[in-house]
Amino acid sequence: MIFFTESKNYFSEIKDLRKQISSYNETINTVKKVKSSIDKTLGEYNAISQENVDRINKIVPSGAESMKLVVQIDDMMRKNGLSLENIDSKDTVNDDSVSGAQEKDIKTPESISLSITAQGSYESFHSFIKSLEKSLRLVDIVSVKISPAGQYNNYEFSIEAVSYWRKAGGKT
């Protein structure tokens, strides 16, 4: 006796399912690699000593801290024999860097423009600049104008500078 029945061709469905399983396995392997990379990076991040974190916060502090910066500059000037006459600070925003950072989700530092006027000898000014260079706080001198202040070896120094800070976040 012979029976004839109609059979479906399941081989093409099995082949498609095997391709799908292979694709899922590749995705799982990729996720495992990404997780491993994240764990490694997190381990390195957590291994940063508190001392180094404190140094980074002094270089580019989280928060504008303009008053603290003014006090630091005044203190450096007094220690080097300069008399601070005036200091103005203004937060500045660079539209190009902000829009680019938002597109790439990159944190860019904010900046504070400083206009400083001080009086003293050239040697005192030179000493102040050396102190500023050695300071952990990141300050870029944009321009310096020197003019006589009346007395011998007494000058007025007008300094334009920029300091940087970052928005709070991260390891502190």
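This text follows the structure it describes.
The following paragraphs examine the structure supplied in this document. (Residues numbered from 1 in each chain as written. Predicted model: local features only at pLDDT ≥ 70, side-chain atom pairs only at ≥ 80, totals over all residues. Heavy atoms only, no water.)

Description of unusual backbone geometry
Step number 1: One non-glycine residue with positive phi stands out, namely Asn153, at about 60°.
Step number 2: Classification of Asn153 by relative accessible area gives partly exposed; the value is 30%. (Buried < 20%, exposed > 50% of the residue type's maximum accessible area, 1.4 Å probe, protein only.)

Some thoughts on the side chain of Ser111
Step number 1: If you trace the backbone, Ser111 turns up in strand β2 (residues 110-120).
Step number 2: Contact partners of Ser111, with chain neighbours within four places excluded, come to Lys90, Asp91, Thr92, Val162, Ser163, Tyr164 and Trp165. (Helix = DSSP H or I, 4+ residues; strand = E, 2+ residues; numbered from the N terminus. Contact = heavy atoms within 4.5 Å.)

Remarks on the packing of helix α3 (residues 66-79) against helix α5 (residues 122-134)
Step number 1: Look at α3 against α5: their axes get within 9 Å of each other, and the N-to-C directions meet at 135°. Accordingly, the angle class assigned to the pair α3 and α5 is oblique. Crossing handedness for the pair α3 and α5: right-handed. Together, Ile73, Met76 and Met77 of α3 and Phe128, Ser131 and Leu132 of α5 make up the contact between the two elements.
Step number 2: Looking at side-chain class alone, the contact of α3 with α5 contains five nonpolar, one polar and no charged residues. (Axes fitted to C-alpha atoms, helices over the stretch in contact; angles between N-to-C directions. Parallel < 35°, antiparallel > 145°, perpendicular 65-115°, else oblique. Left-handed = near helix turned anticlockwise from the far one by under 90°. Nonpolar A, V, L, I, M, F, W, Y, C, P; charged D, E, K, R; others polar.)

Considering the packing of aromatic side chains
Step number 1: Per the stated rule, a full pass over the model turns up three aromatic pairs.
Step number 2: Ring centres of Tyr122 and Phe125 lie 6.5 Å apart, and the angle between their planes is 45°; on these two criteria the pair is classed as tilted. One end of the pair, Tyr122, and the other, Phe125, are both in helix α5, three residues apart, so they sit about a helical turn from each other.
Step number 3: Taking relative accessible area as the criterion, Tyr122 reaches 42% and is therefore assigned partly exposed.
Step number 4: Accessibility expressed as a relative area gives 7% for Phe125, which makes it buried.
Step number 5: An angle of 55° between the planes, with centres 6.3 Å apart, marks the rings of Tyr155 and Phe157 as tilted.
Step number 6: Here Tyr155 falls in the partly exposed class, since its relative accessible area comes to 28%.
Step number 7: Through a chain of ring-to-ring contacts, three or more aromatic side chains come together here, namely Tyr122, Phe125, Tyr155 and Phe157. (Phe/Tyr/Trp six-rings, centres within 6.5 Å; stacked < 30°, edge-to-face > 60°.)

Function cannot be read off these values alone, since they describe shape.
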